[in-house]
Amino acid sequence: MAKLIDVAQMRKTFRVRERSARFSGSARRERIVSSLRDRPAARKRTRFFSAVDGIRLAVDSGEILGVLGPNGAGKTTLIKMLCGLLRPDGGEGTVLGYDVCREPSRIRSKVSLVAPTADIGTDNNLTVRENLEFWAAVYGIPRKQQRRRIDTLLELVQLKEKESYWPMGISAGMRQRLAIARSLLAENELVFLDEPTVKLDPDGARRIRDFIRRINQENGVTVLLTTHLMHEAEELCSRIIVLDEGKIVAEGSASELKQLVGREQIIELFASGLSVGAEDQIRSLPAVLDADMSIWDGAVGEGRVLVKTAKIERTTEHLLSWARRNGIRVHGVRSGEPNLEDVFFDITGRGLTA
Ligand SMILES: Nc1ncnc2c1ncn2[C@@H]1O[C@H](COP(=O)(O)OP(=O)(O)OP(=O)(O)O)[C@@H](O)[C@H]1O
Ligand SMILES: [Mg+2]
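Draft legend 1. Representation of the domain arrangement of the protein chain within the structure. Here the protein chain is described as being made up of domain 1 (49-257) and domain 2 (263-337). Here domain 1 and domain 2 have C-alpha centroids that lie 39 Å from each other.

Draft legend 2. Just the packing of helix α6 (residues 172-184) against helix α7 (residues 202-219), in detail. Running from N to C, α6 and α7 point in directions that differ by 15°, and their axes come no closer than 11 Å. If you check the angle between α6 and α7, you find them roughly parallel. Read as a crossing pair, α6 and α7 show a hand that is right-handed. Between α6 and α7, the residues in contact are Gly173, Gln176, Arg177, Ile180 and Leu184 and Arg207, Ile208, Phe211 and Ile215, respectively.

Draft legend 3. Representation of a positive patch on the surface within the structure. Residues Arg15, Arg17, Arg19 and Lys44 make up a contiguous surface patch of positive charge. It is strand β1 (residues 3-19) that contributes the most residues to the positive patch, 3 residues altogether. Following the sequence through the fold, Arg17 ends up in strand β1. Relative accessible area serves as the criterion here: at 54%, Arg17 is assigned to the exposed category.

Draft legend 4. Quick look at the environment of Glu302. Within the secondary structure layout, Glu302 lies in strand β13 (residues 302-309). Its relative accessible area of 28% is what places Glu302 among the partly exposed residues. Measuring from C-alpha to C-alpha, the distance between Glu302 and Ser275 comes to 8.8 Å, with 27 residues separating the pair along the chain. Contact partners of Glu302, with chain neighbours within four places excluded, come to Ala271, Ser272, Ile295, Trp296, Asp297 and His331.

Draft legend 5. Up close: the sheet that holds strand β2 (residues 44-60). Spatial strand order, β2-β1-β4-β5: 4 strands in an open sheet with antiparallel pairing. A single partner strand is all that each edge strand has here, and the edge strands are β2 and β5 (98-99). Two strands pair when backbone bridges link them, and strand β4 (residues 90-95) and β5 are joined in this way by 2 bridges, in the antiparallel orientation. The residue bridging Thr94 from the neighbouring strand is Asp99, located in β5. Contacts between helix α2 (residues 75-83) and the sheet are confined to β1, β2 and β4, with β1 contributing the most and set at about 125° to the helix.

Draft legend 6. The environment of Asp194, seen in detail. Mapped onto the elements of the fold, Asp194 is located in strand β7 (residues 190-194). Of the residues examined, Asp194 reaches a relative accessible area of 2% and is grouped as buried. Sequence separation of Asp194 and Val67 is 127 residues, and the distance between their C-alpha atoms is 9.3 Å. Excluding residues that lie within four positions of it along the chain, Asp194 makes contacts with Thr76, Ile79, Val114, Ala115, Pro116 and Thr226. One polar contact links Asp194 to Thr226, side chain to side chain, over a distance of 2.5 Å.

Conventions and cut-offs
- All residue numbers refer to position in the chain's written sequence, counted from 1.
- Lettering for chains starts from A, numbering for ligands starts from 1, and both go in the order in which the items are written.
- Local features in a predicted model are, by the rule used here, given only for residues with pLDDT of at least 70; side-chain atom pairs are given and counted only at 80 or more, and totals for whole chains, interfaces and linings are based on all residues.
- Note that water and hydrogens are dropped before the side-chain values are worked out from all heavy atoms of the structure.
- The split of the chain into domains comes from an automatic or database domain assignment.
- Only the stretch in contact is used when fitting a helix axis, every axis being a line fitted to C-alpha atoms; angles between N-to-C directions are given from 0 to 180 degrees.
- By definition, any uninterrupted DSSP run of H or I lasting at least four residues is a helix, any uninterrupted run of E lasting at least two residues is a strand, and each is numbered from the N terminus.
- In these notes the angle categories are as follows: under 35 degrees is roughly parallel, over 145 is roughly antiparallel, 65 to 115 is roughly perpendicular, and the rest is oblique.
- Throughout, a crossing is termed right-handed when the near helix is turned clockwise from the far one, and left-handed when it is turned anticlockwise from it by less than a right angle.
- Working rule for contacts: check all heavy atoms of both residues, and any pair within 4.5 Å makes them a contact.
- Within the patch definition used here, like charges are joined within 9 Å and nonpolar side chains (Val, Leu, Ile, Met, Phe, Trp, Tyr) within 5 Å, considering only residues with over 30% relative accessible area and no salt bridge.
- Here the accessible surface of atoms and residues is derived via Shrake-Rupley with a 1.4 Å probe, and residues count as covered only by protein chains that are part of the display.
- Any carboxyl oxygen of Asp or Glu within 4 Å of a side-chain nitrogen of Lys or Arg constitutes a salt bridge here.
- None of His or the chain ends enter the tally, which takes Lys and Arg as positive and Asp and Glu as negative.
- For charged residues, the charge sits on one atom: NZ in Lys, CZ in Arg, CG in Asp, CD in Glu.
- Here's how the labels work: a residue is buried when its accessible area is under 20% of the maximum for its type, exposed when over 50%, partly exposed in between, all with a 1.4 Å probe on protein chains only.
- Pairing between two strands requires that DSSP report at least two bridges joining them.
- In the analysis that follows, any N or O atom pair within 3.5 Å is treated as a polar contact, provided that within protein one partner can donate a hydrogen and the other can accept it, and provided that, for residues neighboring in sequence, both atoms belong to side chains.

See the structure below:
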């Protein structure tokens with residue numbers, strides 16, 4: 001099968017200028033006073049930050065590939081490089097057969113991108129339909145084909161009834177669907193969707209997921225989508241890469257990824273009163289195979305513990321009595337098969353959204 005994306009060693013380093021730490025807090029007041037006295041202003045230091053760090057990626061025609069990772073993992077930076085919007089600092093390979101470093105403008109003209117700021121590119125002085133007509137003209141779609149293509153897309157994104165509305169008169173989810181329709185006008189075979197359901201309500205998000213599936217199945221569009229919602233990746237993607245701090249930390253189908261955690265069952269405990277060493281105590285409870293803990297509020301010891309067990313009922317019973325004995329307040333317990341969040345936690349020791 002043809003590879004639409006085939007890249008290796010993709011890297012992007014940002015140069016960040018930041019104020020020196022010694023000027024924070026009360027030192028900052030001194031700096032203001034000293035600058036009033038005509039002294040030199042605060043010193044800034046330059047730091048290099050590796051946002052994407054040596055990524056290899058191959059995407060087959062017809063796939064829906066999910067890029068899953070927490071905030072700041074490098075998902076958008078990776079997408080921008082693959083779309084030809086951001087020059088990589090290193091790497092090689094092709095997108096749609098064009099060189100990812102040397103032919104970014106050719107790539108840009110052949111792919112579609114829906115960014116989280118989907119409203120950019122939507123003209124509020126044009127109706128929903130007029131917006132699509134405008135972009136059809138920009139894409140150079142022959143007049144005769146425009147009408148049919150716009151009608152099909154309005155049906156696809158379920159906006160036919162709203163075609164004469166102004167964009168401000170439709171909901172945020174509908175505007176997101178308008179942005180997706182706009183990006184599909186060009187009938188590109190490769191579409192990048194950067195967090196397509198961000199800020200949408202559950203119903204709006206479900207509709208977006210439904211038609212991502214439809215454009216893939218009915219129109220044969222290859223999709224690369226980013227998300228930090230594990231259920232979204234699980235539901236839509238034939239393959240998922242998990243990104244953390246600019247690197248791929250795991251890759252496979254949702255079920256392959258879950259097998260990384262093992263065939264064991266999972267108990268996830270949300271609690272306060274947790275302290276260092278608690279995970280060692282949990283590891284020694286009956287039937288426990290492993291335990292990982294992350295505390296996000298050190299002052300009250302609030303966090304979560306992920307416990308792998310061979311016997312879920314026995315461990316749950318012992319875990320809860322251990323919590324009672326140690327004055328730990330349990331806020332919630334989830335148990336069952338591992339999900340992608342557990343996979344991420346298992347690999348990195350952190351949650352996807354924490
Ligand atoms: N133009 C820039 N200059 C400096 N740093 C940047 C720039 N763009 C991104 N970064 C940094 O690179 C890292 C990766 O950012 P990126 O936007 O790719 O993450 P992301 O995975 O898309 O996160 P999110 O889920 O929040 O959208 C972040 O730490 C970010 O601060
Ligand atoms: Mg992003």
